[in-house]
Amino acid sequence: MWKSAIGRQVQRKGGTTMANSIAKGGPSPRLLTPQNSSLLLIDHQPQMAFASHSMDVQLLINNVTGLAKSAKIFNVPVVLTTVAAKSFSGPLFATVQEVYPTVDPIDRTTMNSWEDPKVVEAVRATDRKKVVMAALWTEVCLATAALSALDDGFEVYIVTDASAGVTSEAHEMAIQRMIQAGAVPMTWLQVMLEWQRDWARQETYNAVMTLAKEHAGGYGLGINYAKSMLGEHASEGQKELGK
C-alpha cells in the first residue's frame, strides 16, 4: 500500500522522478543555501511599523534584524529598499542599517517594489533564483512583490515573522494569497538554520550561535543554559539543541 501511495505522489520533471531523487539521499533542491538565495528586505521603516498591528513591533524589529544578520554571516546578497524615506516613511530600521552600513537602500515611490526597475535589476544582479523576502506591510509591499517575482520566474520564500500587516487578518489573508500562488512561508530562524544546515560547518558555527543567543529567544536561552550546565561539553550540547 505504501508503495502505491508513494507512486501516486511521484512528480516527474525532465524524465527524473522525485522518488528516484529521494532514494539517492542528499538535500532537496528546494532548500535554501547561501549559494542559491538572496534576501530582499522591503520597507522596514518607522511609519510603516506604526500601523503594523499583526505582531509586537519590538519583536518585529528583533526578527528582521536577526534575519539581516543571518544573511551577513553567510554572505548572502542583500537588497534593501524603502518607500518615500525622506518625505513620509522615515529611514530603514537603524538596527538593520547598522548590519549593512555601506549599503544604501533603494528608495521608491511604488508600493510594489517589483515595479521599480532598480529593485528588479538589483535582485537579478545577485544571479540567484531563490529570493527570500520580508516586508511591511505583508498585505501590500510583500504580497505585491512576491506575486510579481513569482510571475517573473523566481522562487519566493516569504519570512512571515519578519513581516507584519495592519491587522492579523490582513497579514494572514496575504500569507494565504501568496502561498496559493506558490510562495514558501518561513520564519527568520528557520532561514538561518537552513543556511547553516550542518553543525560541522565551523566557519559559520560560532557566529550562528552568537546570533541565536542575541535574537532567538528561548532557543538562545537554551544555548546559554547548555553552556553553563555542560561546561567543556557545551558545544556538543548546543549541537543537540540545533537538531
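For the structure itself, consult the block above.
Given the structure is predicted, the values throughout are model-derived calculations rather than measurements.

(A) Inspection of the nonpolar core at higher detail. Formed by 41 residues in total, the largest nonpolar core has its most connected members in Leu41, Leu67, Val96, Val132, Val159, Val191 and Trp195. Apart from the residues lying within four places of it in its own chain, the contact partners of valine 191 are Leu32, Leu67, Val132, Val159 and Met186.

(B) Representation of helix H8 (residues 138-151) in the model. Here H8 contains 14 residues, and its C-alpha end-to-end distance of 18 Å stays within 8% of the 20 Å for a straight helix at 1.5 Å per residue. Within H8, burial applies to Thr138, Cys141, Leu142, Ala143, Ala145, Ala146, Leu147, Ala149 and Leu150. Along its buried surface, H8 packs onto strand E3 (37-42), strand E5 (106-108), strand E6 (130-135), strand E7 (155-159) and helix H9 (168-181). Where H8 terminates, the next one or two residues include glycine 153, which has phi positive at roughly 95 degrees.

(C) Fine view of helix H7 (residues 117-125). What H7 keeps buried is the set Val119, Val120 and Val123. Down the axis, H7 shows its buried residues gathered within 95 degrees of arc, on one side only. Turned more than 90 degrees from where H7 packs its buried face, Pro117, Lys118, Glu121 and Ala125 sit exposed. Those residues of H7 hidden inside the fold are in contact with E3, strand E4 (78-83), E5 and E6. Phi for aspartate 127, located one or two positions after H7, is positive at around 60 degrees.

Rules of the game
- Residues numbered from 1 in each chain as written.
- Predicted model: local features only at pLDDT ≥ 70, side-chain atom pairs only at ≥ 80, totals over all residues.
- Heavy atoms only, no water.
- Core = buried A, V, L, I, M, F, W, Y, C linked by side-chain atoms within 4.5 Å.
- Buried < 20%, exposed > 50% of the residue type's maximum accessible area, 1.4 Å probe, protein only.
- Contact = heavy atoms within 4.5 Å.
- Helix = DSSP H or I, 4+ residues; strand = E, 2+ residues; numbered from the N terminus.
- Expected span 1.5 Å × (residues − 1).
- Arc of directions from axis to C-beta.

Read these as spatial facts, not as claims about activity.
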